[in-house]
Amino acid sequence: MSFKEQLKGRDLLTLADYSKAEIAYILELAAQIKDKQKKGIPYQPLQGKTLGMIFEKSSTRTRVSFETGIYQLGGMGLFLSSNDIQLGRGEPISDTAKVLSGYLDGIMIRTFAQKDVEELAENASIPVINGLTDDFHPCQVLADLQTIQEVKGSLEGLKLAYIGDGNNMAHSLMIGSAKMGLDVAIAAPKDYQPKAEITELASSFANGTEVLVTEDAVEAVKDADVIYADVWASMGQEEEQKEREKAFAYYQVNGELFAHAKPDAIFMHCLPAHRGEEVTADIIDGPQSVVFQEAENRLHAQKALMVALMS
Ligand code: CP
Ligand code: NVA
């Protein structure tokens, strides 16, 4: 079976469900789609298709890149704020899934609980794409892998260090890195480490590479090719901001920490960023930062994903 046939109609709930070869195929398609876009070559394999985008949390990148992406592919995106649809007033997820399957060709959802995305996918007959939950952010990691590949030329044999909260980004980066042959090191305070079952899952994908979780940021960053940061308080944790600032004070990506990485290490961040908290301005705005290339690649990677799942 070709990758095209293999991926058609599938959901993307987490990268754990995709093989290394399938992820590599999507990344290759993303590179081709980006190249076409830069050359102004029209590419519209999703003419007449509609993507519904359910948001229970805020978004700049995810919303704009999916909406623009489906439009560029010849289709249309529908922004569905959970405040405005009946889901927000208690209509069951399963009913919503069945109803939307009659109108749309795909659903992207950003919400809190991963199990809600799973329930949506179980009850929908069209592809469901996870646009961020409390546990995972697979679309971001597709764009991250595309960016690393562009800058470093390949993925295998590199080391990615993530400094900060053991959150959705840490989880998805562990899985994506382990699958694609990167060593991954997560440095987080004791009470904020990644979920043990997700670390175990990521480790099960590692093929001779390392999945390390440590409290020691210097150890994590040592000889890294990629240093990654995310906010200390994620969406939904706003009231924990103050206590998290204390807990994460040692986990700031600054010049001193960066000096332990390889001299040509790059800095990545899913954004939005808080300068002066998880990263200093000289690093995120400095010459080794690739955060805006990374943000742009959300568009290209997700166009590839939509073409793979929806055409
Ligand atoms: N990185 C990311 O998902 O950004 P948004 O929250 O703006 O979508
Ligand atoms: N961990 C962050 C990522 C934002 C893209 C959050 O969930 O808010």
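Every value quoted in this text rests on a predicted model; they were computed, and no experiment measured them.

Student: So what exactly am I meant to see when it comes to unusual backbone geometry here?
Tutor: A negative phi angle is the norm for most residues apart from glycine, just as the trans form is the norm for most peptide bonds. Note the cis peptide between Leu271 and Pro272, where omega equals 5°. Of note, Pro272 is situated in the loop between β9 (266-269) and α12 (281-284). At Asp223, a position not held by glycine, the phi torsion is positive, near 60°. By secondary structure assignment, the location of Asp223 is in the loop between α9 (217-221) and β8 (226-229). Overall, Asp223 belongs to the partly exposed group, its relative accessible area being 42%. Despite not being glycine, Leu271 shows a phi value in the positive range, around 65°. By secondary structure assignment, the location of Leu271 is in the loop between β9 and α12.

Student: When you look at the packing of aromatic side chains in this model, what are you seeing that I'm missing?
Tutor: What characterises a pair of aromatic rings is the spacing of the ring centres plus the angle enclosed by the ring planes. For the structure on display, the rule yields seven aromatic pairs. Every member of this aromatic cluster is reached through a ring pair, and the members are Tyr192, Trp232, Phe248, Tyr250 and Tyr251.

Student: Sorry if this is basic, but what is going on with the nonpolar core here?
Tutor: The nonpolar side chains of soluble globular proteins are, as a tendency, buried together. Within the largest apolar cluster, 58 residues are counted, with the highest numbers of intra-cluster contacts made by Leu160 and Met306. With eight residues, helix α13 (residues 291-310) is the largest single contributor of residues to this core. Look past the residues within four positions of Met306 in its chain and what remains in contact with it is Leu46, Leu51, Phe66, Gly69, Ile70, Leu73, Ile129 and Ser311. Core analysis: the next-biggest nonpolar cluster, separate from the first, contains 28 residues, Ala185, Ala187, Trp232 and Ala261 among them.

Student: What am I meant to see in the site of ligand 2 here?
Tutor: What surrounds ligand 2 is the set Leu132, His137, Asn167, Asn168, Asp230, Val231, Ser234, Met235 and Leu271. Contact distances for ligand 2 include 3.3 Å between a nitrogen atom and a side-chain N or O atom of Asn167. The backbone of Met235 places a nitrogen or oxygen atom 2.8 Å from an oxygen atom of ligand 2. Against a free-state accessible area of 270 Å², the protein chains account for coverage of 94% of ligand 2. For the shell around ligand 2, the class distribution of residues is four nonpolar, four polar and one charged.

Student: Mind showing me how you'd approach the environment of His274 here?
Tutor: Note that His274 resides in the loop between β9 and α12. Considering only alpha carbons, one finds His274 and Ile284, 10 residues apart in sequence, at a separation of 9.9 Å.

Student: Would you mind showing me how to read the site of ligand 1 here?
Tutor: Close to ligand 1 lie Ser59, Thr60, Arg61, Thr62, Arg110, His137, Gln140, Cys270, Leu271 and Arg298, which account for all nearby residues. A distance of 2.7 Å separates an oxygen atom of ligand 1 from a polar side-chain atom of Thr62. Between ligand 1 and Leu271 there is a distance of 2.9 Å, counted from a nitrogen atom to a backbone nitrogen or oxygen. Its free accessible area being 250 Å², ligand 1 has 95% of it covered by the protein chains.

Student: Any chance you could explain the pattern of salt bridges here in plain terms?
Tutor: A pair can form between side chains of opposite charge whenever their charged atoms are brought close. Tallied over the full model, the rule gives 16 salt bridges. Ionic pairing is found between Asp35 and Lys39, a salt bridge with its closest N-O pair at 2.9 Å. Of this pair, Asp35 and Lys39 both sit in helix α2 (residues 20-39), separated by four residues, roughly a single helical turn. Here Asp35 falls in the partly exposed class, since its relative accessible area comes to 38%. Of the residues examined, Lys39 reaches a relative accessible area of 56% and is grouped as exposed. One salt bridge in this structure joins Arg244 and Asp165, with 3.0 Å as the shortest N-O distance. Residue Arg244 is found in helix α10 (residues 241-247), and its partner Asp165 is found in the loop between β5 (159-163) and α7 (168-180); the two are separated by 79 residues along the sequence. Grouping residues by exposure puts Arg244 and Asp165 together as buried.

Student: Sorry, what's going on with the sheet that holds strand β6 (residues 183-187) here?
Tutor: Reading across the sheet, the five strands line up as β7-β6-β5-β8-β9 and stay open at both edges, with parallel pairing between neighbours. The open sheet terminates on both sides in strands that have one partner only, identified here as β7 (211-214) and β9. Across this sheet, the average inter-strand angle for adjacent strands is 20°, counted without regard to direction. Where β6 and β7 come together, four bridges link them in parallel fashion. Bridge pairing in β7 places Ile186 opposite Val213.

Student: Explanation requested: the packing of helix α6 (residues 138-152) against α7 in the structure shown.
Tutor: Angle between the axes and distance between the axes: these two values describe a pair of packed helices. Where α6 contacts α7, the axes come no closer than 9 Å and their chain directions differ by 50°. As the angle between them shows, α6 and α7 are arranged oblique. Relative to α7, α6 is oriented so that their crossing is right-handed. Side by side, α6 and α7 meet where Pro138, Gln140, Val141, Asp144 and Leu145 of the first sit next to Met169, Ser172, Leu173, Gly176 and Met180 of the second.

Cut-off values and rules
- In every chain, residue numbers begin from 1 and rise along the written sequence.
- Note on labels: chains are lettered from A, ligands numbered from 1, in written order.
- Two thresholds apply to this predicted model, a pLDDT of at least 70 for residue-level local features and 80 or more for giving and counting side-chain atom pairs, whereas whole-chain, interface and lining totals are computed over all residues.
- Heavy atoms from the whole structure form the basis of all side-chain values; hydrogens and water molecules are not counted.
- Strands are runs of DSSP state E lasting at least two residues, helices are runs of H or I lasting at least four, and both sets are numbered from the N terminus onward.
- Partly exposed describes any residue whose relative accessible area lies between the buried limit of under 20% and the exposed limit of over 50%, with all areas from a 1.4 Å probe on protein chains only and scaled to the type maximum.
- When two rings of Phe, Tyr or Trp (its six-membered ring) have centres within 6.5 Å they constitute a pair, described as stacked for plane angles under 30 degrees, edge-to-face for angles over 60, and tilted for the intermediate range.
- Working definition of a nonpolar core: buried Ala, Val, Leu, Ile, Met, Phe, Trp, Tyr and Cys residues. They are joined through side-chain atoms within 4.5 Å.
- Contacts: residue pairs with any heavy atoms within 4.5 Å of one another.
- A molecule or strand has a residue near it when one of that residue's heavy atoms lies within 4 Å.
- What qualifies as a polar contact is a pair of N or O atoms within 3.5 Å, subject to a donor-acceptor requirement within protein and to the restriction that residues adjacent in sequence count only when both atoms come from side chains.
- Areas reported as accessible are Shrake-Rupley estimates using a 1.4 Å probe. Residue values count occlusion only from the protein chains shown.
- Charged residues are taken to be Asp, Glu, Lys and Arg, nonpolar residues to be Ala, Val, Leu, Ile, Met, Phe, Trp, Tyr, Cys and Pro, and polar residues to be all remaining types, Gly included.
- Just to be clear on terms, a salt bridge is a Lys or Arg side-chain nitrogen sitting within 4 Å of an Asp or Glu carboxyl oxygen.
- Here the rule is simple: two strands pair whenever DSSP picks up at least two bridges between them.
- Axis lines are fitted through C-alpha atoms, for helices just across the contact stretch, and the angle between N-to-C directions can take any value from 0 to 180 degrees.
- Oblique is the label for every angle not falling under 35 degrees (roughly parallel), over 145 degrees (roughly antiparallel), or within 65 to 115 degrees (roughly perpendicular).
- By convention, the crossing between two helices is left-handed when the near helix turns anticlockwise from the far helix through less than a right angle, and right-handed when the turn is clockwise.

Note that every value here comes from positions in space, so none of it alone points to a role or purpose.
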